[in-house]
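What follows is each chain in one-letter form.
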Amino acid sequence: MRERQGIQFNCFSPPVMIATIVIEVSLALYTLWRYKMSPTIRLVIITLLALATFQLAEYFVCTNSIGHPIGWSRFGFAAITLLPPLGLHLMHRLADKPVRRLVSTAYFTTACFVLFFLLFPNVFDSYQCTGNYVIFRLRAHAGGLYWLYYFGWIITSVVLGVRWGNQLSKLGKKAHRQLQAVQALIIGWFIFIVPTAIANVVNPASRQGIPSIMCGFAVLLALILGLYIVPRISELKK
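In what follows, the accompanying structure is described. (Residues numbered from 1 in each chain as written. Predicted model: local features only at pLDDT ≥ 70, side-chain atom pairs only at ≥ 80, totals over all residues. Heavy atoms only, no water.)

What follows deals with the overall build of the chain. In terms of regular secondary structure, the chain is built from 8 helices and 2 strands. Secondary structure of the chain in N-to-C order comes out as α-α-α-α-α-β-β-α-α-α. The buried share of the chain, reckoned over its 238 residues, is 47%. Across the chain, the fraction of contacts at a sequence separation of at least 24, relative to all contacts at a separation of at least 6, is 78%. Here the chain has roughly 11,900 Å² of accessible surface; of this, 64% comes from carbon and sulfur atoms. (Helix = DSSP H or I, 4+ residues; strand = E, 2+ residues; numbered from the N terminus. Buried < 20%, exposed > 50% of the residue type's maximum accessible area, 1.4 Å probe, protein only. Contact = heavy atoms within 4.5 Å. Areas by Shrake-Rupley, 256 points an atom, 1.4 Å probe, with all protein chains shown as cover.)

Have a look at this one:
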């Protein structure tokens, strides 16, 4: 029988999941405590918490200690579905571009997928904790659409970031820190894209899914956001 289309999100053992949650939540709390609240800071904090939420969901799917794995799977997927539009929105903020129809469209598609994961029956064909990572398999046809949604908005964000970065570079020193923040977010997105592209080359069947969001890569993105981008675009609290 032909294997149904699926998505795999690979992570490490439960102790590493816990460590990842602690790092991401700590970065969110530190950002909230250290910097003045602004729309940009709010986006960073929500992104960090979304990353931590997915790790939390994976942990409970793996340990089966609280709640039902399907419920945590739904919750985790809803959380990471927020990442592409948040990244697109954040790129607009970092480049000081007005938030218009493109960002609104991204959030609308996000809302559709979030509702799908939270409310649609039989979203997952299966789930499995292998000891080193968790495998989630979406029902047939959903995986391909989700792949297009996820990578579509990430690539859009990267392309716009490159374009706006070129514009900022022409402004010289006065936009240097802003340019650094834009470039750092582009690097953060490549952390998600490049490992997946490599996996697709090694195993073409993986093209049926979306990127494996590994703990290590999620932590790197969180560190880039909290320790590199935020200090360059935000004011400290007095």
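Structure shown, so let's carry the discussion forward.
In total, this model carries 1 cavity of 30 Å³ or more according to the counting rule given. Roughly 60 Å³ of volume is contained in the largest cavity. As for the largest cavity, its lining consists of Thr-47, Leu-83, Gly-87, Leu-90, Leu-185, Trp-189, Leu-221 and Leu-225. Only α4 (83–94), α7 (176–202) and α8 (215–233) provide two or more residues apiece to the lining of the largest cavity. Broken down by element, the residue count for the lining of the largest cavity peaks at 3 residues, all from α4. (1 Å grid on protein atoms, 1.4 Å probe; cavity = no way out; pocket = protein on both sides within 12 Å on 5 of 7 lines; lining within 4 Å. Points joined across faces, edges and corners; volume = space filled by probe spheres on them.)

Relative placement of two packed helices is described by the angle separating their axes and the distance separating the axes. The geometry of α4 relative to helix α5 (residues 101–119) is characterised by a closest axis approach of 9 Å and an angle of 165° between their N-to-C directions. As summarised for this structure, α4 and α5 are arranged roughly antiparallel, according to the angle between their axes. Viewed along their axes, α4 and α5 form a crossing whose handedness is left-handed. On α5, the residues touching Pro-85, Leu-86, Leu-88, His-89 and His-92 of α4 are Leu-102, Val-103, Ala-106, Tyr-107 and Thr-110. Residues that form the contact of α4 with α5 fall into these classes: 7 nonpolar, 3 polar and no charged. (Axes fitted to C-alpha atoms, helices over the stretch in contact; angles between N-to-C directions. Parallel < 35°, antiparallel > 145°, perpendicular 65-115°, else oblique. Left-handed = near helix turned anticlockwise from the far one by under 90°. Nonpolar A, V, L, I, M, F, W, Y, C, P; charged D, E, K, R; others polar.)

For Asp-96, which is not glycine, the phi torsion reads 60° and is therefore positive. Tracing the chain through its elements places Asp-96 in the loop between α4 and α5. What makes Asp-96 exposed here is its relative accessible area of 63%.

This part takes up the nonpolar core. Within the largest apolar cluster, 55 residues are counted, with the highest numbers of intra-cluster contacts made by Tyr-146, Leu-185, Leu-225 and Ile-229. If you list the elements that add at least two residues to this core, you get α1 (14–34), α2 (39–63), α3 (69–81), α4, α5, α6 (142–169), α7 and α8. A total of 11 residues in this core trace back to one element, the largest contributor, which is α6. In contact with Ile-229, other than residues within four places in its own chain, are Leu-94, Ala-181, Ala-184, Leu-185 and Ile-224. (Core = buried A, V, L, I, M, F, W, Y, C linked by side-chain atoms within 4.5 Å.)

Further remarks concern the packing of α3 against α4. α4 packs onto α3 with a crossing angle of 20° between their chain directions and a minimal axis gap of 5 Å. Taken as axis vectors, α3 and α4 run roughly parallel relative to one another. Contacts between α3 and α4 involve Ala-79, Ile-80 and Thr-81 on the former and, on the latter, Leu-83, Pro-84 and Pro-85. Of the residues contributing to the contact of α3 with α4, the split by class is 5 nonpolar, 1 polar and no charged.

Bringing α4 into the picture now. Residue pairs three or four apart in sequence face the same way in an α-helix, which turns once every 3.6 residues. Helix length check: α4, at 12 residues, gives a terminal C-alpha distance of 16 Å against a target of 16 Å (1.5 Å per residue), a fit within 8%. Where burial is concerned, most of α4 is hidden: 11 out of the 12 residues are buried. Along α4, the positions that sit buried rather than exposed are Leu-83, Pro-84, Pro-85, Leu-86, Gly-87, Leu-88, His-89, Leu-90, Met-91, His-92 and Leu-94. (Expected span 1.5 Å × (residues − 1).)

Before going further, it helps to spend a moment on the environment of Lys-36. Along the chain, Lys-36 falls in the loop between α1 and α2. Residue classification places Lys-36 among the partly exposed residues on the basis of a relative accessible area of 33%. Linking Lys-36 and Lys-237, residues 201 residues apart in sequence, is a C-alpha distance of 5.2 Å.

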